[in-house]
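Here is how the chains run, residue by residue.
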Amino acid sequence: MKALGVAVALALMAGAAQAEETLALYNWGDYINPEILTKFTAETGIKVTLDTYSSNEEMLAKIQAGATGYDIVFPSVHMNDIMLKLGLLEKTDINLSPDFKNIDPANLRSKEDPTSSYCLPYAWGTVGVFYNEKITGPLTSWADFFAVPEKTGGKITLLDDMREVLAIGLIANGKSVNSADPADIKLATDYILAHKASVSAFSYDSMAMMTSGDIAAAHFFVGGNVFFIQMPEIKYMIPSEGATMYQENICVLASAPDKENAKKFMEFYLRPEIAALNVAQQYNGTANVQARELIPAEIKNNPNITVGPETLTRLHIFEDIGAALKLYDRAWNTIRTAQ
Amino acid sequence: MALLEIRKARREFVTPEGGRFAALDGIDLDIGAHEFVTLLGPSGCGKTTLLRSISGFETLDGGAILLDGADLSTLPPFRRPVNTVFQSYALFSHMSVARNVGYALEVRGEDRASRERAVAEALEKVGLTGMGTRKPSQLSGGQRQRVALARAIIGKPRLLLLDEPLSALDRNLRQQMQIELKTLQNTLGIAFIFVTHDQEEALTMSDRIVVMRAGLIEQIGTPRQIYRHPKNRFVAEFIGETNLFALTIDRIESGQALARTVEGLELLLPAGTAKAGDKAVAVLRPADFTLADQGIAATVTKAVYLGADLHLFVQPAVGGPEIRVTARDSALAPKEGTKVHLAYDPAASHVLEAA
Amino acid sequence: MAIRRQTLVLATLLTPVTLFLGVFFLLPLLIIALFSFLTPGLYGGVEWAFYHWNYGRIFGWADDIIEVYEPIYLQILARSLGFAALTVLLCLLLCYPVAFWVSRLPNRWRMLFLFLITLPFFSSLIVRLYAWLLILKPSGILNTVLIGVGAISEPLEILYTPAAVVLGMVYVMVPFMFLPLYSAVDNLDRALIEASMDLGATRLQTFLKVVLPQTLPGILGGAVIVFIPSVGNFIVPDVLGGAKGLMIGNLVEQQFLSARNWPFGSALSMIVMAVVLAVLLGSTAAAKRKGGQNA
C-alpha cells in the first residue's frame, strides 16, 4: 500500500519535473529570506516550494513516517548527525564546490560529517535573554533574569522547548548541556523548578508581548532583535553563566526527487551576497566569511547580534544524546506538571 | 352565581405590520357549574385566546375573569383550578401513560399509593384500563386523546378546557368521542368549555353555544336557538347550510307577512313586528323545503347524492340565487333539468334580527 | 432472487464507505494500537520487538531500569479529564439559556444568530486564540477597558493561568455545544411546557420533569461532542496557559514531536481513546435509557 503510494508519488514528481524544474524546501517557519527564493528562481528557472516545521523532531518524524517530495531540510547540527546515522541524507560533495572556501571552518560542527561532504552550514545564532531595560534595569546573568519578577514585578518567559529550558538548569549548575548523567539532569530540573513560580509562561510568542510591554524579559533566539530596531530600551544579552547557541545546516534528503536542483541551491547559497541577504532579514549569524563583510552595518556593529570571541567561549551547542533524551523528557514533564 | 364570569375581557396583539388587533374585543360571558359550553367560530375569532386567558397562558389587557367570584388574573396557570386538553394532546413522550395521567398528583406531592389508585380510576373512566405501562408513542390517536383527557381530569378541576381536541381524529372516532365527552361531563359534574370551528361538534354536545367573530360574541344560545333562530347572517351562514332571502315586505295578513325578492319570488313569513315596506332577510334551511305539486316553480340544476338524502340545487323560475334543498332519495327523485315545485311551512322560516 | 439482488445493491453502495473508513480510520487506529506494544527506536520510529513497558510506565509495572513508573501520567490524564468536564459544564450552563432565548427570536434574528455562532469556524483556531491573547494580556483590551471604566486599578492576571485555559476551551467549544442543544430546544414542543404548568407544576418542576428530560438527547450530544476534543486539546493550554500545566494532549504531542518516543505516545493515545470510548458508551447507555422512555 505504502510502496504503491510512493511509486505513484514518484511517478507524478517525475512527470512534473519534465514539465518544469522544481525544488521543495522543508524549513523552520520564517527562517529564510523570501527574496533569496525569488532570486534563485529568477536566475535558474527552478520553481521553489516551501513547507515549514517548528521543531527538529517534527521534521524527523515526518521524514521517518515516509513524507516524500522534499529535497532540502534545515536540521540543527545534532539532528544533522542523527539523520546521517539514520541514512536519511544524501552525499552532495558540496565541500568540493569552488565557493566552499567562503565557509568558516569553525562552523563545520557535524561530528558525523566533519568535512561537510553532505550538508552546508546555513545559519547560526545564540539563545539569550531579551529584556526591557526600563522595567528591569541592566541584566547580565540567569540569576538576574529569574529575579526580575520579584524585584520589579515584570513578567518573564522561557522558550517552550525541552532541551533549551533544561540547558539553563545545566549551565547554571556548571554541567554540560549534553549531559546524560541523571544526577546532572536532576540538578537542572531542581533549578528550573525552584524558579518555575517566577516564570509566566513557556512560550514562543514572547516577542510581541515584549513589544507591548506585557513581558519584561524573555528567553529567546537572537533573531528576535528584528522586532526591536525602533525600541532601544529592549536589550539582548548572553548571560554570564553561559547560554546555548544553535546552527542549522542545509541538507539534501536521500529521498529528494530533485537532487541536482538541490545542489544548485546549495551552491547559490555559498555566494557571499546571498548569505548576507539572509542575515539582513534574519538578524542571525552566517558561516560565510565573505558575507560577514557585506551585512548591513546596524547588524554587523550590534554587539547584541554579532558576538565577540569572549562571548563565544560561553556558548554551548546541543549534540545528539541518544537514549538519554528520555531523561530529559521525564524531567520536562515534571517541570511542566509541577504546580 | 355562575361558576365562571368573564367581564369585558380585552386582549390585543400587535400585528407584524405594527398595527393593533383585538383578539378579544370586550367579551362578557357567564358559565354555570355543570354546563357544557362550546366556543364556536372561524379561525382568528378569538375563541382560543379566550380559552388561554382562562387557563392563564394569556394575560388580559382589560376586563376580568372570575372563578367562584374570585379574580383569576393574579394566579399563574399552575395555581388555577382549571385543566386543559390540548389540541396536540401535549403528552409527555418520555413518561409512561400512567405517569402522564398521574402528573398533576405527582407535582402536588401526593403519595404513590393514592396516585396509583387515582390513575387506575381515571384510566378506567376513559376506557384505557391496563394501558398504564405503555408509552404514548405506542398508542393510537384516539387512545392518546383519552390519555390527555384522563390526565386533565385526575386533578378534579372545577372547569375543563378543551382546545379542539377532536380535530385530529377521523370522522367515526370523532362522533364516538363526542358522545363519550358529553357522558363524561355528566358523570364528572363539572363545567366543560369546548373550543371548535366545527358546527356539527358544537350542535351535538353543547348545552350552550357561543358563536364568536373577530373578538366579539355574535350570539349565545342553545344549539336549537342557534340553528333555528340565528341572530344575523354570519351566524346563519356559519351554522349549517342555509338559504338566505333578501326581501321587501309587501303586506301583512292574518299574522303572516307576504314578502318579495327583487326578482319577484314570493315568500310567506311569520309577521312579527314587521310592517309593509320593511326590508328583511329570511332564513330557510334546505330541509325546510319539500318537493310538491305546487309552490315555487323551479328547475333542478344539480343533484348531489348523499346516501339517504339527495342534495338539490334548484333555480327558481323567476330568477335570483339558487335554492338548496334536501330531499329523501327515492326512485322518483328528480334529476338535473327536472321542473319541480317547492313547498315550505311558513312557521319554519326565520327572519334575522339584523341583516 | 429479489433479496439477493437487494443485498448486492446494498453491498455496492456500502463499499466506498467501508473502504474509506477502513483505510482512513481503522488502519491508523490499528497502527497506533500496534505501535503501543513495540519498542521505541532510538531516533523515533519503532523497533519490531514486543514491549509492554509503554503501559508499565503509566500503570506501574515498569522495572525502574529500562523504564521508570511515574504516577505523573495518570495525574495528567485525570487533570485533562477534569478540565474537559469543566469545559462541558460551563458550555452547557452558558448555552442552555441562550438556546431558549434564540429559539424564541423572530426567524430573521434567529438565522442571524445561528450564522454568528458558526462564524468562528470560518477562521483558524490558532488565529482566534492569538486574538484572545491580545484580549487577556495585561495591556490587552479587557484590562484597558476595565481600568478605563474604573472597575479595577491593577490589570487582572488572567493570561497564563488555568482560568485562561478554561476560558479558551469554553470559547472554542461553545459552538459545538450550542448547535445540538439549540436543535433539541427548538424541537421541544412548547405545548408540553404549557401542559405541565396547566397540570399544576411550578416553573422549576416543569423544568426538571419535562424540559430537561425532553432536551436530554441534545445535552448528551453536545456534552460528548465537547468532551472528546477537550480531553485531547493541547493548543489552548499552550497558547493561553503558557504551557505551564501539561495536558494529556501536550504529552502525546511531545512524545512524537520532541521525545521521539512513538510507542509511548501511542500507548498514551490508546488510554485516552479508551477513556473517551467509555464516556461515549456511558452516555449512549444513558441516552438509551432515557430514549427508551422517549420511544
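In what follows, the accompanying structure is described. Just so it is clear, the structure is predicted and the values come from calculations on it, not from any experiment.

For the rest of this paragraph, the subject is the interface of chain A and chain C. Counting from both sides, the interface comprises 38 residues of chain A and, opposite them, 39 residues of chain C. Looking only at chain A, the three residues that lose the most surface to chain C are A:Lys326, A:Arg330 and A:Arg336, adding up to 19% of its buried area. A:Arg336 is the salt-bridge partner of C:Asp238, the closest N and O atoms lying 3.2 Å from each other. For the pair chain A and chain C, the interface holds 21 residue pairs in polar contact (both at pLDDT 80 or more). For the side of chain A that touches chain C, the element with the most residues is helix H15 (residues 325-337) of chain A, which contributes 9 residues. By residue class, the composition of the side of chain A that touches chain C is 15 nonpolar, 10 polar and 13 charged.

This next bit is on the interface of chain C and chain B. Interfaces are often described in size by the accessible area the parts lose on coming together. Every contact between the two is made by 23 residues of chain C and, on the other side, 26 residues of chain B. Here chain C and chain B share an interface that buries about 2200 Å² over both sides, 54% of which is from carbon and sulfur atoms. Considering only the surface of chain C that becomes buried against chain B, C:Asp198, C:Leu199 and C:Lys209 emerge as the three largest contributors, covering 32% of it. Summed over the shared surface of chain C and chain B, the number is 2 salt bridges. Taking the shortest distance from any N to any O, the salt bridge between C:Lys209 and B:Glu106 comes out at 2.5 Å. In this structure, the connection of chain C to chain B is made through 10 residue pairs in polar contact (both at pLDDT 80 or more). Of all the secondary structure elements, the ones that give two or more residues to the side of chain C that touches chain B are helix H8 (190-198), helix H9 (203-232) and helix H12 (262-294) of chain C. Its residues assigned to classes, the side of chain C that touches chain B shows 9 nonpolar, 9 polar and 5 charged.

Residues and elements named next belong to chain B. Spatially, 6 strands are ordered S6-S7-S8-S3-S9-S10 in an open sheet, and the strand pairing comes out mixed. Every interior strand has two partners, whereas the edge strands, strand S6 (82-85) and strand S10 (216-221), have only one. Between one strand axis and the next, the sheet turns by 20° as a mean value, whatever way the strands run. Sheet topology note: the S6/strand S7 (residues 159-163) ladder contains 4 bridges and is parallel. Each bridged residue has a counterpart across the sheet, and for Val85 the counterpart in S7 is Leu162. With respect to the sheet, helix H5 (residues 141-153) is in contact with S6 and S7, its orientation differing from that of S6 by roughly 175°.

So, how was this worked out
Residues numbered from 1 in each chain as written. Chains lettered and ligands numbered in written order. Predicted model: local features only at pLDDT ≥ 70, side-chain atom pairs only at ≥ 80, totals over all residues. Heavy atoms only, no water. Contact = heavy atoms within 4.5 Å. Buried area = accessible area lost by both parts, 1.4 Å probe. Salt bridge = Lys/Arg side-chain N within 4 Å of Asp/Glu carboxyl O. Polar contact = N/O pair within 3.5 Å; in protein donor to acceptor, adjacent residues only side chain to side chain. Helix = DSSP H or I, 4+ residues; strand = E, 2+ residues; numbered from the N terminus. Nonpolar A, V, L, I, M, F, W, Y, C, P; charged D, E, K, R; others polar. Pairing = 2+ DSSP bridges. Axes fitted to C-alpha atoms, helices over the stretch in contact; angles between N-to-C directions.

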